[in-house]
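# Structure at a glance
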Amino acid sequence: MEMDEVIRLLFGWDIDMSETSNTDPSSSSSERSKKLRCLEYAHHRVNRAMEGLDPLQGKQMWPSDTRKGRLGHAAVRFDITSNVGQSALSLDRLSVASQSNFSTVRANTCVFRGRWQYEVQLGSKGVMQIGWATIGCKFSQETGVGDTINSYAYDGNRICKWNISTQKYGEEWIGGDIIGCTIDLDSSKLEFYRNGRTMGKAFDCIHVGPGMAYFPAVSLGFKESIVANFGSTPMRYPVPGFEPIQQAPFRDLAKAEKLIVWLSQLLRLFEYKDEILGQDASQSDESISNQAFLMRLAQMLLHHLAPLLLSPYIIEACFVPLLESLCKVTSVSGLSMNETPDGKKHRLMLFLDMMFAFLEEHELKKSLEGIIVCLLTRFRQVSSSLEYRQQKQSLLLLTCLVQHTRTRHHLLEKILFGVVRFNSFLHVKPVDGSCVADVAHVWWDSNSVDQTVEQNKAAYFVACQKIQEAVASVEALQVELLKILLDNSDGTPMQASSRKIFLRNFREFLHENVLSNPTQRPVTLCCIYRLLVTFQALWECEVGEYPIVIPARTFYDGSVNYYNIDRLGGVLSHLNRTLRVQLMQVLGADHPVITTVELPRSLMRDLDNALVGFLLEGEEKCVSLDAAASLVELLDGVILLYYVEAHRHLSKVSTLCKSMGEYVTALGTVTARLETYKRHSLDMPPEIIQELEKSCCVFRQKLSEQARHMAWVRAVVCSDDKQSQLAWLLRVVLHTVKQASQEGQLFAYVPIFYLHSLIEICAALRTYIHPAAPLENVQGYEDLLIEVSQFLCDHFSDPRIVHTGSKDALIQALASFICSPNTLLSLESVPYTSRMTMVRALLRPYESRAWAQSNWVLVRIWQGCGFAFRYHKSPHLLKKHGPRPLQADSSLISQSIQPCPSYLFQCHVKEVMMSDERVTTAFLNSVLNQLNWAFSEFIGMLQEIQNVSIRPQRVFIESRQLKICATCFDLTLALVRVLEMVASIAPEIFTDVTRSSSEVLLGRLCQVLCQVLNRVSSQTSCFQHVITLDIPDLESVDHFPILTAVVGVLLALLLDDMQEFDVNVSKVPRVTKAVLIEPSFQLESICFVLGDVQKGLILKKVKPFSFYNYSDDVSIAEIENVKKMIQLLSFYQGRLSDAGVISEDEICTICYASPISAIFKPCNHHSCRTCIAHHLMISRACFFCKEPVQFVIGLDDTVLPDLSRLGTQSS
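Residues numbered from 1 in each chain as written. Predicted model: local features only at pLDDT ≥ 70, side-chain atom pairs only at ≥ 80, totals over all residues. Heavy atoms only, no water.

## A look at the overall build of the protein chain
When helices and strands are counted, the protein chain shows 40 helices and 19 strands. When burial is assessed residue by residue, the protein chain has 53% of its 1211 residues classed as buried. Within the protein chain, residue pairs in contact and separated by at least 24 positions form 74% of the contacts whose partners lie at least 6 positions apart. (Helix = DSSP H or I, 4+ residues; strand = E, 2+ residues; numbered from the N terminus. Buried < 20%, exposed > 50% of the residue type's maximum accessible area, 1.4 Å probe, protein only. Contact = heavy atoms within 4.5 Å.)

## Considering the packing of helix α27 (residues 852-862) against helix α31 (residues 959-985)
Axis separation between α27 and α31 bottoms out at 9 Å; the angle between their running directions is 50 degrees. The angle between the axes of α27 and α31 places the two elements in the oblique class. Here the hand of the crossing between α27 and α31 comes out left-handed. Residues Ala852, Asn855, Leu858, Val859, Ile861 and Trp862 of α27 form the contact with α31, whose own contacting residues are Leu971, Ala974, Leu975, Arg977, Val978, Glu980, Met981, Ser984 and Ile985. Among the residues making up the contact of α27 with α31, the classes are represented as 11 nonpolar, 2 polar and 2 charged. (Axes fitted to C-alpha atoms, helices over the stretch in contact; angles between N-to-C directions. Parallel < 35°, antiparallel > 145°, perpendicular 65-115°, else oblique. Left-handed = near helix turned anticlockwise from the far one by under 90°. Nonpolar A, V, L, I, M, F, W, Y, C, P; charged D, E, K, R; others polar.)

## Structural notes on the packing of aromatic side chains
Each aromatic ring pair is specified by the distance between its two centres and by the angle formed by the two planes. For the coordinates displayed, the defined rule picks out 49 aromatic pairs. Look at Phe867 and Phe1107: their rings are 5.6 Å apart centre to centre, the planes differ by 50 degrees, and that puts the pair in the tilted class. With a gap of 240 residues between them, Phe867 in the loop between α27 and α28 (875-878) and Phe1107 in the loop between α37 (1083-1087) and α38 (1116-1138) connect regions that are remote in the sequence. Look at Phe867 and you get buried, because its relative accessible area is 6%. Classification of Phe1107 by relative accessible area gives buried; the value is 0%. (Phe/Tyr/Trp six-rings, centres within 6.5 Å; stacked < 30°, edge-to-face > 60°.)

## A short note on the sheet that holds strand β19 (residues 1191-1194)
The strand order β18-β17-β19 describes an open sheet built from 3 strands, whose pairing is antiparallel. Here the strands that pair on one side only, and so sit at the sheet edges, are β18 (1166-1167) and β19. Alignment of strand β17 (residues 1158-1161) against β19, held across 4 bridges, turns out to be antiparallel. Bridge pairing links Phe1160 to Val1192 in β19. (Pairing = 2+ DSSP bridges.)

## A look at the nonpolar core
Phe351, Phe502 and Phe1107 are the most contacted members of the largest nonpolar core, which totals 323 residues. Per-element tally for this core: the top contributor is helix α19 (residues 627-679), with 20 residues. In this structure, this core is formed jointly by two domains, domain 1 (3-20 + 31-53) and domain 3 (919-1139), each of which donates at least three residues. With sequence-adjacent residues up to four places away left out, Phe351 is seen in contact with Leu263, Leu267, Leu302, Phe319, Leu322, Leu323 and Leu326. With 36 residues, the next largest nonpolar core counts Tyr169, Trp173, Met199 and Tyr214 among its residues. (Core = buried A, V, L, I, M, F, W, Y, C linked by side-chain atoms within 4.5 Å. Domains from an automatic or database assignment.)

## Examining helix α8 (residues 389-402)
The terminal C-alpha atoms of α8 lie 20 Å apart, and with 14 residues this matches the ideal 20 Å at 1.5 Å per residue to within 8%. Counting buried positions along α8 yields 12 of 14 residues, so the element is predominantly enclosed. Those residues of α8 that sit buried are Gln391, Lys392, Gln393, Ser394, Leu395, Leu396, Leu397, Leu398, Thr399, Cys400, Leu401 and Val402. (Expected span 1.5 Å × (residues − 1).)

## Topic: the pattern of salt bridges
For the coordinates displayed, the defined rule picks out 28 salt bridges. The partner of Glu542 in a salt bridge is Arg499, and the shortest N-O contact between them spans 2.6 Å. Residue Glu542 is located in helix α14 (residues 525-542), and its partner Arg499 is located in helix α13 (residues 498-515); the two are separated by 43 residues in the primary sequence. By relative accessible area, which is 34% here, Glu542 ends up partly exposed. The partner of Glu1120 in a salt bridge is Lys1123, and the shortest N-O contact between them spans 3.7 Å. One end of the pair is Glu1120 and the other is Lys1123, both in helix α38 and 3 residues apart, which spans about a single turn. (Salt bridge = Lys/Arg side-chain N within 4 Å of Asp/Glu carboxyl O.)

## A closer look at the pairing of strand β8 (residues 151-155)
Buried residues dominate β8, accounting for 5 of its 5 residues. Neither face of β8 is exposed, since Ser151, Ala153 and Asp155 on one face and Tyr152 and Tyr154 on the opposite face are all buried. Pairing geometry for β8 and strand β9 (residues 160-163), over 3 bridges, is antiparallel. When the bridges of β9 are listed, Asp155 appears paired with Cys160. The hairpin turn running from β8 into β9, its antiparallel successor, is 4 residues long, and Ile159 in that turn takes a positive phi close to 55 degrees.

## Section: the pairing of strand β10 (residues 165-168)
Taken together, the 4 bridges between β9 and β10 define a ladder with antiparallel strand orientation. Residue pairing for β10: Cys160 is matched across the bridge by Lys168.

## Quick look at the packing of helix α23 (residues 781-795) against helix α24 (residues 804-819)
Between α23 and α24, the least distance of the axes is 10 Å, while the angle of their chain directions is 135 degrees. As judged from the angle between their axes, α23 and α24 are oblique. In the crossing of α23 with α24, the sense of the turn from one axis to the other is left-handed. Contacts from Leu785, Val788, Ser789, Phe791, Leu792 and His795 of α23 reach α24 at Leu810, Ala813, Leu814 and Phe817. Class assignment for the residues of the contact of α23 with α24 results in 8 nonpolar, 2 polar and no charged.

## Side note on unusual backbone geometry
With an omega of -5 degrees, the peptide bond between Tyr546 and Pro547 qualifies as cis. Relative to the helices and strands, Pro547 is located in the loop between α14 and α15 (572-578). The phi dihedral of Lys223 falls on the positive side, at around 70 degrees, and the residue is not glycine. In this structure, Lys223 sits in the loop between β14 (214-221) and β15 (225-229).

## Some remarks on the environment of Ser829
With respect to the helices and strands, Ser829 occurs in the loop between α25 (821-828) and α26 (832-842). In sequence terms Ser829 and Ile786 are 43 residues apart; their C-alpha atoms lie 6.6 Å from each other. Of note is the side chain of Ser829, whose polar atom sits 2.7 Å from the backbone oxygen of Leu825. (Polar contact = N/O pair within 3.5 Å; in protein donor to acceptor, adjacent residues only side chain to side chain.)

Here it is in structure tokens:
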């Protein structure tokens, strides 16, 4: 191939090359001069071509726009001075994110004549009003575009159009949609488009004429975002007859097109470089090689192209298509990079080499940045079909680009973790709603009641499988991309490997975007799934060791930067000082962690970051990272991502399932009513029938929409493979924390997100993904649940865990396990020692610790066994008309949870309490103390509410105060139920005279029970008054739950006495006597539960309370037991009255209710046993002389047990 042929192939066959041939071909110097002349000719040829396309020689990228009908800047942007509210604008002022209630901003250019358009890509799907407004429109944080007379907008969230008033219009939008906005000022019309499809004429009589010029304008709700295109890049969906507000750079476009054609030809010529004449082995070193000749031509072309690549329009219109042609992605239909021919790959790699060789640094950065932004814009757009054509093209081109080592390093260093976020390419959005409607046949779980729905079940799951297969092809490309970005073999002594760059920036990304900015978390669940699959593939290939466990050393040797994340044992600097000896034994005295600990505290503020920076600096010298250590760091980041982001996404799945269940229930209720009316031919007004039928239609329509959404969830979020990935991650986290627990005190270094992730992943598998993907599908799920249960039992009271949030999370996880039959079975299947560890921890005294959750666990163990305690929701709530759903922060005892008692753990509770009197005494005293406190606080608040309610002036009660009042009531109820359990399973604690603490505990218990009974049963008390007010935030407060609990305790205590009751026996049984001699005991309070109220105390218009009113919840046998108890107490109360009155000299001067039975030593003052026992729990000083009481003796000179010391020693 001759030189002139090369030039003609490059520039065309019609050019004149005669002047380049006037040399003697016999000499090498003539050959060299011929190449130089060809280069010179090419130089002039290119220059003349560029000058011919730019006669004005303008240097501005965007020359002035002189088109008629517009006013403003040539480069159209959002005008920051027009912003109302708080918004975050990008540097190019085309992206807007709202940071206030309702922010509005308009463009810097307006139109007053002609036909114009602009486009907006949605970053979210919330409340936004997009359209046009005049400069005279006054906006605020309550009124936006469309809320004033000369502004017009479309809102796809509410599916309506706005111009002062609102009307139904358009389609529902989702994030990624391209919304086209057109204005025809010649015919006074406005129209909107969604993804290129018209939604019909929106307005046809807009105000036009002198002084009426319209600006593009948008109003965004809080956290909503959009990206506008006024013409800075080619319109995605240009509307015929309408012009972009910003004019295209036609001259630059023509230049770029010509240069790119020449570059394409030149890249092909490189494949024939050895066939060009003048290149042989005998040439001197001074001759120009064919490679150098072609590279010089490339430099010449890129010199002119580089400035043009600063324009996003040129990038998208010309440059990206060139790259796509080099990768052959315009016809992509598969998954593998192998579909791109080797020749094409070579040309792309060669072209990228040219860019790095001949472009300036800022030109290279800007061009690569423009490419990635263009690809991301296409990728984010909603796909119109399950083929995901644009998404695959974008991923395949990006994957081809990152196969080039220098490009990969550049993107990782400066773009993928800065200008754009790499995780944006790892998301998969649902296809357009109309496409889903065609694919997913609607079905929902109607329990086989609705046959019209059930017949679609098979087709529905076939559609789900189709969606899953379509998404799998996109997921495969995303995983392939991640594998290349995590290449660990491309490092050099001067350049870190791609994996090293990725992990360093990934850690910084986690810190800046996830940890430091919790209000804006950009990571999606898809990203975490892709990272998991990539990790598994790389681990299998590079390491292959199983099981996978993150070494506990990682948490304290400084190799991974955890920034300011708390540890289970507290703050890192504190742990380093307190556990220095243990660290030295593991790390050695010369480790940087140890040497840094010895620094003054003033120099240790940035200990974590400084230490990690020191360690990373040494690693930079390595050509590549250790495979296992680097992948462990990646997995550690994935676990952190799950903790801060993924669980929140999965919880939305649970919300969707719950919402569908509510609609199914509502539909079934309405349908049953309709069938009843029709079957029995009831004479119902037609209006009622029509309303019921209308309700059915609304419910079915809503269920159809949710079923289509659920089809996507089943296929993409809750599929079997996603479930298995979460189960795999759960096992890794579980094995990691179990291994770390074996490190002794160093377990305290474990970051808190490991423990929280363990709990949350388990909860997601049990409740969020289930039943879309049943837990039973997980291989070995029973053993997995048992392992988690054992960890909870062993660690929920671990003294090494001091972080408050972590301790709360453990006890809440334990409580949730007890609430479900499956997980309760797993708890009952853990080893005996672990079960007993849990029970002993639950029975620790309640003082100086958060006890409410522990107490609730004990309640759940008992619920289903107590007196009328078989309900999942208190019956009084079910009797109310139109009850409000309880709020998320309402008490656990009031939540609707099916009873699930554990007889095994009840036996363990009995075993612990019967075997250790010190533990039992301390625990029960703490329960009684907390019960006294909770009930006193509750009554005090009720009195305040009563006082406020009877004032003549109108006074509002704070909702917070009402919620605290309800919480105190629920705490009281839960504490009484725990006492009921103890009295039922181990009554000997209160009745066995051989136990030194039984008498005092029985006395204290009777005292508090009588106080509760008297307060609740009194018809003139504040309790009854507040109940009649029916205050919304006090729904849980009622007679039934508290009275059933108190009666349950009394029945358990008096059970033996009732069974042995004989009217012929005059001796009063011990427990019965303890109840009757309690000064506050009133038999009328117990009779109240059966509706026996004194006639003068019955309130008007108030139905007397009675267990008889709850026949479905209180059994006949239980009512009979209450009657027997009343009979027993009534009989022996008379016997005690006949016994006479105690003389004044023998009565206790403290309570004036019981006889003197205890003498204080050494001061010899005296009282009853109950009074001194209560007093010694608070103070050791004598009632009367304030001298220290060393011990107490009975009237028979026997030393009485000191319960206060028993409790203290146990604590």
